[in-house]
Amino acid sequence: MDYQTFLMFDLLGCFLWSVGVTILGYFLGAIIPNIDTYLLPIILVIIVLSLIPAIITHRKSKDL
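Here's what I pulled together on the structure shown here.

**Let's talk about the overall build of the chain**
Now for step 1: Across its full length, the chain holds two helices and zero strands.
Now for step 2: Taken over C-alpha atoms, the radius of gyration comes to 19 Å for the chain, far larger than the 11 Å a tight globule of 64 residues would show.
Now for step 3: Its C-alpha atoms give the chain principal-axis dimensions of roughly 50 × 45 × 10 Å.
Now for step 4: Across the 64 residues that make up the chain, the buried fraction comes to 0%.
Now for step 5: Accessible surface, the chain as shown: approximately 6100 Å² in total, 76% of it carbon and sulfur.

**Section: helix α2 (residues 36–63)**
Now for step 1: Between its first and last C-alpha, α2 extends 42 Å over 28 residues, near the 40 Å set by a 1.5 Å rise per residue.
Now for step 2: If you look at α2, its biggest bend is around 30 degrees, right at Ile52, and the proline Pro53 turns up within four residues after that.

**Notes on the environment of Ile46**
Now for step 1: Turning to its location among the elements, Ile46 is positioned in helix α2.
Now for step 2: Separated by 30 residues in the primary sequence, Ile46 and Leu16 place their C-alpha atoms 22 Å from one another.

**Description of the packing of aromatic side chains**
Now for step 1: Scanning the entire structure with this criterion turns up one aromatic pair.
Now for step 2: Summarising the aromatic geometry, the rings of Tyr26 and Phe27 are spaced 5.4 Å apart at their centres and angled 75 degrees between planes, so their arrangement reads as edge-to-face.

**Considerations on unusual backbone geometry**
Now for step 1: Positive phi values are uncommon outside glycine, yet Asn34 reaches one of about 55 degrees.
Now for step 2: One can find Asn34 in the loop between α1 (3–31) and α2.

Calculation rules
Residues numbered from 1 in each chain as written. Predicted model: local features only at pLDDT ≥ 70, side-chain atom pairs only at ≥ 80, totals over all residues. Heavy atoms only, no water. Helix = DSSP H or I, 4+ residues; strand = E, 2+ residues; numbered from the N terminus. Rg over C-alpha atoms; globule rule 2.2 N^0.38 Å. Buried < 20%, exposed > 50% of the residue type's maximum accessible area, 1.4 Å probe, protein only. Areas by Shrake-Rupley, 256 points an atom, 1.4 Å probe, with all protein chains shown as cover. Expected span 1.5 Å × (residues − 1). Bend = angle between axes of the 7 residues up to and from the residue. Phe/Tyr/Trp six-rings, centres within 6.5 Å; stacked < 30°, edge-to-face > 60°.

And the structure:
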């Protein structure tokens, strides 16, 4: 893929991601009252779940 095609897809993806997240946040804030009280636990669960594969890989590499 040449650079110009990559750049166009990258810019389109960035635009769609930023607009999509903003619109999703707006509608979730309107639908779910006090959503801010739920966000921190959800974010912490996502962080912990995303760290599990790295921890497992690190432990396996120490065993070898």
